[in-house]
Amino acid sequence: SAVISQKPSRDICQRGTSLTIQCQVDSQVTMMFWYRQQPGQSLTLIATANQGSEATYESGFVIDKFPISRPNLTFSTLTVSNMSPEDSSIYLCSVRSGNNQPQHFGDGTRLSIL
Amino acid sequence: QKEVEQDPGPLSVPEGAIVSLNCTYSNSAFQYFMWYRQYSRKGPELLMYTYSSGNKEDGRFTAQVDKSSKYISLFIRDSQPSDSATYLCAMSEASSGDKLTFGTGTRLAVRP
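Given the structure is predicted, the values throughout are model-derived calculations rather than measurements.

Conventions and cut-offs
Residues numbered from 1 in each chain as written. Chains lettered and ligands numbered in written order. Predicted model: local features only at pLDDT ≥ 70, side-chain atom pairs only at ≥ 80, totals over all residues. Heavy atoms only, no water. Helix = DSSP H or I, 4+ residues; strand = E, 2+ residues; numbered from the N terminus. Rg over C-alpha atoms; globule rule 2.2 N^0.38 Å. Buried < 20%, exposed > 50% of the residue type's maximum accessible area, 1.4 Å probe, protein only. Contact = heavy atoms within 4.5 Å. Areas by Shrake-Rupley, 256 points an atom, 1.4 Å probe, with all protein chains shown as cover. Lys, Arg positive; Asp, Glu negative; His and termini not counted. Charge placed at Lys NZ, Arg CZ, Asp CG, Glu CD. Buried area = accessible area lost by both parts, 1.4 Å probe. Salt bridge = Lys/Arg side-chain N within 4 Å of Asp/Glu carboxyl O. Nonpolar A, V, L, I, M, F, W, Y, C, P; charged D, E, K, R; others polar. pLDDT = per-residue confidence, 0-100. Pairing = 2+ DSSP bridges. Axes fitted to C-alpha atoms, helices over the stretch in contact; angles between N-to-C directions. Disulfide = S-S within 2.5 Å. Polar contact = N/O pair within 3.5 Å; in protein donor to acceptor, adjacent residues only side chain to side chain.

## A few points about the overall build of chain A
Across its full length, chain A holds zero helices and 11 strands. The globule rule puts the C-alpha radius of gyration for 114 residues at 13 Å, and the 13 Å found for chain A is close to it. Counting across all 114 residues of chain A, residues that qualify as buried make up 50%. Counted over contacts in chain A with a minimum sequence separation of 6, partners at least 24 positions apart contribute 53%. Total accessible area computed for chain A in this model is approximately 5,400 Å², and 46% of it derives from carbon and sulfur atoms. Positive and negative side-chain charges of chain A, numbering 8 and 8 respectively, have mean locations separated by a distance of 4 Å.

The following block contains the structure:
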C-alpha cells in the first residue's frame, strides 16, 4: 500500500491561530480524505479532498473552518482555522488508490490548543 | 443511537488466547466492512477488508460478516503481546464507498 506522510506529527497552538497540516503520498491516488479523531470518539470524516476542485465537506464541517487544498494526485493540505480548545484532536489523512479499494491512513497530527 | 456500536473494552487476555471483537450496526445499506488496528501514537492500519456477508481469513485473523443480524466480528487466534492495540471496525455503503463510518474502537491487551 501507499506510504502516507503527515506533517507536523504534533503541535501545540495558541487559541485564535491557524495551522496547516500536510499529507504527502508516495504514489498517485484517486481519493484523499481528512478525518478527525477526538478522545473517546470514533473517527469522523471531515471532507473529501478533490484534485483540482473544491473539497466535499461532511455535515457539521465548513470550508471557512477547515479549508482544504489538493493541487495534485499525491498531496493535500488541511488548515484548522481560528483554533479553539475544542479543536484539540488528532487529524488523519487517508487515501484510496482505486475503485473498490480500502482506505489507508497516515499516522496523524496530534493538535493541542491552549 | 450510533450507527455503529463497538464495546470500548478494555479487553485483557493471556497470550495464546482466542480473541473475539465485535461490532453491530443499524444501517442496512452498509456493504463494505473493514477492521483496522491502531497502535498508540500511530494511524489506523488496515487488517481486513470484506464485501457483503461471509468469512475471510488472513493468517491468525478471521473476519465474519452477518448482514442479516447487522453484526461483524474479528477473531484473533494465538494472540500475541504484539496484538495489544485498539481495534476499529469501519463500514461503508456501496453507493458512497468513500465515506467510512467507524466504531469507537476496542482496546485489547494481551498479557505475556
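## Considerations on the interface of chain B and chain A
Each partner contributes to the interface: chain B provides 16 residues, whereas chain A provides 22 residues. Both sides together, the interface formed by chain B and chain A hides about 1,600 Å², and carbon and sulfur atoms give 52% of it. Linking chain B with chain A are two salt bridges, by the criterion used here. Between K99(B) and E58(A) there is a salt bridge, with the nearest N and O atoms lying 3.2 Å from each other. Those elements that place two or more of their residues in the side of chain B that touches chain A are β4 (30–38) and β5 (45–51) of chain B. Here the element with the most residues in the side of chain B that touches chain A is β4(B); it accounts for three residues. Across the side of chain B that touches chain A, the residue classes tally to eight nonpolar, four polar and four charged.

## Notes on the confidence of the model for chain A
Overall, the predicted model of chain A reaches an average pLDDT of 94, with 100% of residues at or above 70. When mean pLDDT is taken per element in chain A, strand β3 (residues 19–25) of chain A scores highest with 98 and strand β6 (residues 56–57) of chain A scores lowest with 94.

## Here we look at the sheet that holds strand β1 (residues 4–7) of chain A
In a beta sheet, neighbouring strands are held together by backbone hydrogen bonds and run either parallel or antiparallel to one another. Residue and element names in this part refer to chain A. With respect to topology, four strands assemble into an open sheet ordered β1-β3-β8-β7, the strand pairing being antiparallel. Because the sheet does not close on itself, it has two edges, and the strands there are β1 and β7 (68–72). Between one strand and the next, the sheet's axes are offset by a mean angle of 15°, whatever the strand orientation. By the bridge criterion, six bridges tie β3 to strand β8 (residues 75–80) in an arrangement that is antiparallel. If you follow T20 over to β8, its bridge partner there is T79.

## Brief notes about the environment of V19(B)
Residue and element names in this part refer to chain B. On the secondary structure map, V19 appears in strand β3 (residues 19–25). On a C-alpha basis, the gap between V19 and T101 in space is 23 Å, while along the polypeptide they are 82 residues apart. Not counting residues within four places of it along the chain, the set of residues in contact with V19 comprises L11, V13, L74, F75, I76, S79 and L108.

## Here we look at the state of the cysteines
Per the stated rule, a full pass over the model turns up two disulfides over all chains. C23(A) shares a disulfide with C93(A); S-S distance 2.0 Å. Because the sign of the S-S torsion sets the handedness, a value of about -65° for the bond joining C23(A) and C93(A) places this disulfide among the left-handed ones. Here C93(A) lies in strand β9 (residues 89–96) and C23(A) lies in strand β3, a separation of 70 residues in the sequence. Judged by relative accessible area, C23(A) falls into the buried class, the value being 0%. Its relative accessible area of 0% is what places C93(A) among the buried residues. With a sulfur-sulfur separation of 2.0 Å, C23(B) is cross-linked through a disulfide to C89(B). Given an S-S torsion of about -100°, the disulfide between C23(B) and C89(B) has left-handed geometry.

## Topic: the side chain of Q38(A)
Residues and elements named next belong to chain A. As for its position among the elements, Q38 is in the loop between β4 (31–37) and β5 (44–49). You can call Q38 buried: its relative accessible area is 16%. Here the side chain of Q38 touches E86 through a polar contact of 3.5 Å, landing on its backbone oxygen. Once residues within four sequence positions are removed from consideration, Q38 is found in contact with E86, S88 and S89.

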